[in-house]
Amino acid sequence: MPLYLMVQNQKIKEDMLSIGNSLKNQVALVTGGSSGIGKAIAKAMGKSGAKVAINYISDKNEADQVVQDIQGSGQSAISVQADVSQEDQVMEMFRNVYDKFGTIDILVNNAGIQKDAKFLEMSFSDWQMVLNVNLTGSFLCAREAAKEFCQRGLIPERSKAAGKIIFISSVHDTIPWAGHANYASSKGGIMMLMKSLAQELAPHKIRVNSISPGAVKTDINREVWEKPEGDAKMRALIPYDRIGEPEDIARVAVWLASDEADYITGTTIYVDGGMMLYPGFQTGG
Ligand code: BGC
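Just so we're clear, the structure is a prediction, and the values are computed from it rather than from any experiment.

Some details on helix α8 (residues 228–235)
Within α8 the residues assigned to the buried category are G230, D231 and M234. For α8, the arc enclosing every buried residue in end-on projection is 100°, short of the 170-degree limit, so these residues lie on one face. The outward face of α8, more than 90 degrees from its buried face, is lined by the exposed residues P228, E229 and K233. Buried residues in α8 make contact with α7 (222–225).

Some thoughts on unusual backbone geometry
In this structure, K205 is a non-glycine residue whose phi angle is positive, near 65°. By the secondary structure assignment, K205 is in the loop between α6 (181–201) and β6 (206–213). Phi is positive for D241, close to 60°, though the residue is something other than glycine. Within the secondary structure, D241 sits in the loop between α8 and α9 (246–257).

Concerning the packing of aromatic side chains
In the structure shown here, the tally under the stated rule is 3 aromatic pairs. Seen from their ring centres, Y278 and F281 are 6.4 Å apart, and the 85° between their planes marks the pair as edge-to-face. For Y278, a relative accessible area of 61% gives the class exposed.

Let's talk about the layout of surface pockets
Considered as a void within the structure, the second largest pocket measures approximately 360 Å³ in volume. Lining the second largest pocket are 21 residues, and of these A40, A44, E247, A250 and R251 sit closest to its centre. Counting only elements with at least two residues in the lining of the second largest pocket, the list comes to α2 (36–47) and α9. Grouping the amino acids of the lining of the second largest pocket by side-chain chemistry returns 7 nonpolar, 6 polar and 8 charged.

Brief notes about α6
Taking 1.5 Å as the rise per residue, α6 with 21 residues should run 30 Å; its terminal C-alpha atoms sit 30 Å apart, in good agreement. Residues of α6 that are buried sit in contact with α5 (124–152), β5 (163–168), β6 and β7 (268–271).

Some words on the sheet that holds strand β4 (residues 106–109)
Overall, parallel pairing links the 7 strands, which are arranged β3-β2-β1-β4-β5-β6-β7 in an open sheet. The sheet is open, and its two edges are formed by β3 (77–81) and β7, each paired on a single side. Between one strand axis and the next, the sheet turns by 20° as a mean value, whatever way the strands run. Summarising the sheet, strand β1 (residues 27–30) and β4 pair through 3 bridges and their orientation is parallel. Looking across to β4, one finds that V30 is bridged to V108. This element, α6, spans β5, β6 and β7 of the sheet and lies at about 160° to β6.

Cut-offs used in this document
Residues numbered from 1 in each chain as written. Predicted model: local features only at pLDDT ≥ 70, side-chain atom pairs only at ≥ 80, totals over all residues. Heavy atoms only, no water. Buried < 20%, exposed > 50% of the residue type's maximum accessible area, 1.4 Å probe, protein only. Helix = DSSP H or I, 4+ residues; strand = E, 2+ residues; numbered from the N terminus. Arc of directions from axis to C-beta. Contact = heavy atoms within 4.5 Å. Phe/Tyr/Trp six-rings, centres within 6.5 Å; stacked < 30°, edge-to-face > 60°. 1 Å grid on protein atoms, 1.4 Å probe; cavity = no way out; pocket = protein on both sides within 12 Å on 5 of 7 lines; lining within 4 Å. Points joined across faces, edges and corners; volume = space filled by probe spheres on them. Nonpolar A, V, L, I, M, F, W, Y, C, P; charged D, E, K, R; others polar. Expected span 1.5 Å × (residues − 1). Pairing = 2+ DSSP bridges. Axes fitted to C-alpha atoms, helices over the stretch in contact; angles between N-to-C directions.

Set out below in structure tokens:
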């Protein structure tokens, strides 16, 4: 084989290896990591070399299952209980992460809930609960992570950035959603939180971004996609004509957290099979 081809092949192999290890020696905390999109992200980050803390609110067994899966693939993992909407619990969770892993490099603000109701029937408590978990929870975790990133600073052997925060938002940070005013408002809020933090923290070498999934098969929308008529209705809103899998989001999260994405901050990546493309106009307008 000519020398230049051998060199090229070697380079391709090295690149592939570095993708597989793109989060090596880094510590990631994934909120709501025991199921759905969070679980897929936790596992994918583990496979990419990160030590992973899996936050859960009530289902310890599910979280410990994810821990075992990650440990099975040769990586360290722990489960950490906390209701992310409670300041004291969030602070305790970060302390637990530091006790075990010493620091944090990647925060994935994934924990989120829906409590749907027509607007006239929406209770104050359902409004508050969704805002508290989705928006306030993201704020509390981001603040703790940012403190540690700023205090510790950059460790060049680990990453080009001093820290990475990824919000798992939704297409509903942009697409209005009747019957889900609390949820859409929380996601719209996340967008401005993400951008304001990105602007404020960039001088500290902290990257802050969102991934906004479209319809992804998880428990949050199981009731819809499980039934054939729900599945068809959902797919009618997705030009790419398939409902997403949690792994579709996880792959992007790993890449966004890695140095491959080092120049990206303050951005939202829509991973939605084209849901943001006004699918109603696909056949005219
Ligand atoms: C919601 C899902 C919904 C999807 C697309 C997500 O943010 O959690 O219930 O299927 O947006 O509308």
